[in-house]
Amino acid sequence: PEYLSIRQLKKTYPKTTAPAVNDVNLDVQQGDLVALLGPSGCGKTTTLRMVAGLLEPTAGQIFVDGKDVVSIPVHKRGMGMVFQSYALFPHLTVEENVAFGLQMLRVPRAEVGVRSLEALEKVQLSHLKGRRPAELSGGQQQRVALARALVTNPTLLLLDEPLSNLDAKLREAMRREIRSIQQETGTTTLFVTHDQDEALDMADRIAILNNGVIEQYDTPTAIYENP
Ligand code: ADP
Ligand code: ADP
């Protein structure tokens with residue numbers, strides 16, 4: 001079944017004439033990782049931010065598990081997000097950063113500790129739990145942001161170029177890591193990237209966005225053979 005459905009989604013920013021997102025339609029099957037692929041400025045981030053509920057669409061609808069997202073309170077949407085700028089809290093430790101999302105959900109304190117450590121183990125960072133973000137490498141901060149998104153057991157994971165700031169070697173390792181965590185947990189994932197290799201390598205399906213419209217939506221094999 002489809003878990004995420006986007007219908008005739010449109011966004012025109014204030015004081016602009018051309019829409020950033022023109023008419024996006026997309027169905028994401030439950031458990032799939034879909035890459036939203038396209039050049040800079042084509043509307044990827046704008047689309048993702050609307051799905052996340054961070055930006056109000058000019059028109060259109062977004063359905064999660066059959067429900068219009070506007071009818072679901074934000075904390076009940078089951079979404080985990082990782083943005084380009086990891087947005088970690090500088091004054092909190094790694095463990096506290098990960099725990100923050102659970103405290104927001106009013107998870108009992110004893111459970112918060114256990115689950116935060118589990119999430120840090122998934123991204124192989126539990127040994128750095130006491131550090132602050134400034135004392136980590138870019139790749140480590142990236143993984144903390146991923147742990148913070150995963151700790152709430154999201155049913156929909158939204159990733160905005162989560163590997164863009166990593167060097168080639170670490171990026172490769174993180175591709176594997178994200179993909180295996182995603183498959184293991186069966187988390188439906190929408191992954192924004194401008195890197196075609198990354199999309200071909202990681203995605204179950206690729207949606208190619210151009211000028212605010214999805215031009216092609218198919219498996220990596222089909223897109224590779226018929227670009
Ligand atoms: P992408 O993520 O594919 O690089 P974006 O969604 O960030 O594309 O941007 C799509 C278009 O919308 C671009 O032309 C960008 O300049 C414009 N845009 C993005 N955010 C804003 C904003 N807050 N106000 C006005 N225009 C914006
Ligand atoms: P991305 O790299 O993901 O496309 P950007 O670097 O374009 O994102 O945008 C970073 C921030 O700047 C976002 O909050 C976006 O809304 C804002 N922004 C992007 N383009 C514009 C624009 N043309 N006018 C105003 N704000 C913009």
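In the annotation of an unreviewed UniProt entry, the chain is listed under the name ABC-type quaternary amine transporter and assigned to Leucobacter insecticola.

**Q** Account for helix H1 (residues 44-51), naming residues and giving values.
**A** Within H1, six of the eight residues are buried, leaving the element largely enclosed by the surrounding structure. For H1, the set of buried residues is Lys44, Thr46, Thr47, Leu48, Met50 and Val51. Of the residues one or two after H1, Gly53 is the one with positive phi, at around 80°.

**Q** How would you sum up the pattern of salt bridges? Please name residues and give values.
**A** Scanning the model with the defined rule gives nine salt bridges in all. Across the pair Asp195 and Arg175 runs a salt bridge whose closest N-O atoms are separated by 3.8 Å. In this pair, Asp195 is assigned in the loop between strand S8 (188-193) and helix H6 (196-202) and Arg175 in helix H5 (residues 168-185), connecting sequence segments 20 residues apart. For the pair shown, Asp195 and Arg175 are each scored as buried.

**Q** Provide a residue-level description of the packing of aromatic side chains, including the pertinent values.
**A** In this description, an aromatic ring pair is defined by two values, namely the gap between the centres and the angle between the planes. Counting across every chain of the model gives one aromatic pair. Positioned over the ring face of Tyr217 is Arg205, at 4.6 Å from the centre of the ring.

**Q** Help me get a handle on the packing of helix H4 (residues 138-150) against H5, residues and values and all.
**A** How two helices sit against one another is set out by the angle between their axes and by the gap between those axes. Contact geometry of H4 with H5 gives a least axis separation of 11 Å together with a crossing angle of 10°. The pairing of H4 with H5 is recorded here as roughly parallel in orientation. Residues Gly139, Gln142, Arg143, Leu146 and Leu150 of H4 pack against Leu170, Met174, Glu177, Ile178 and Ile181 of H5. Residues that form the contact of H4 with H5 fall into these classes: six nonpolar, two polar and two charged.

**Q** Go over the pairing of strand S9 (residues 205-210), please, and point to the residues and values.
**A** One ladder, built from four bridges, connects strand S3 (residues 33-37) with S9; its direction is parallel. Across the sheet, the residue bridging to Leu37 is Ile208, located in S9. With five bridges joining them, S9 and strand S10 (residues 213-218) adopt antiparallel strand pairing. Of the residues in S10, the one forming a bridge with Ile208 is Gln216. In textbook terms, the turn of a hairpin is the stretch between consecutive antiparallel strands, and for S9 and S10 this stretch comprises two residues, one of which, Asn211, has a positive phi near 50°.

**Q** Residues and numbers for the site of ligand 2, please.
**A** Neighbouring ligand 2 are the residues Thr45, Gln84 and Asp160. Between ligand 2 and the protein, one listed contact pairs an oxygen atom with a side-chain N or O atom of Thr45 at 2.7 Å. The fraction of the free accessible surface of ligand 2 (550 Å²) that becomes covered by protein chains is 24%.

**Q** Before we move on, can you summarise the nonpolar core with the specific residues and values?
**A** Counting residues in hydrophobic clusters, the biggest one holds 40 residues, and the most contacted among them are Val98, Val144, Leu146, Leu159, Leu163 and Ile206. Counting residues per element, the ones that place at least two in this core are S3, helix H2 (94-104), helix H3 (109-122), H4, strand S7 (156-160), H5, H6 and S9. Those residues in contact with Leu163 that lie beyond four places of it in its chain are Gln142, Arg171, Met174, Arg175, Ile178, Phe191, Glu198 and Met202. Residues Met50, Val51, Met79 and Leu158 belong to the second largest nonpolar core, which totals 27 residues.

The rules behind the values
Residues numbered from 1 in each chain as written. Chains lettered and ligands numbered in written order. Predicted model: local features only at pLDDT ≥ 70, side-chain atom pairs only at ≥ 80, totals over all residues. Heavy atoms only, no water. Buried < 20%, exposed > 50% of the residue type's maximum accessible area, 1.4 Å probe, protein only. Helix = DSSP H or I, 4+ residues; strand = E, 2+ residues; numbered from the N terminus. Salt bridge = Lys/Arg side-chain N within 4 Å of Asp/Glu carboxyl O. Phe/Tyr/Trp six-rings, centres within 6.5 Å; stacked < 30°, edge-to-face > 60°. Lys NZ or Arg CZ within 6 Å of the ring centre and 35° of its normal. Axes fitted to C-alpha atoms, helices over the stretch in contact; angles between N-to-C directions. Parallel < 35°, antiparallel > 145°, perpendicular 65-115°, else oblique. Contact = heavy atoms within 4.5 Å. Nonpolar A, V, L, I, M, F, W, Y, C, P; charged D, E, K, R; others polar. Pairing = 2+ DSSP bridges. Near = heavy atom within 4 Å. Polar contact = N/O pair within 3.5 Å; in protein donor to acceptor, adjacent residues only side chain to side chain. Areas by Shrake-Rupley, 256 points an atom, 1.4 Å probe, with all protein chains shown as cover. Core = buried A, V, L, I, M, F, W, Y, C linked by side-chain atoms within 4.5 Å.

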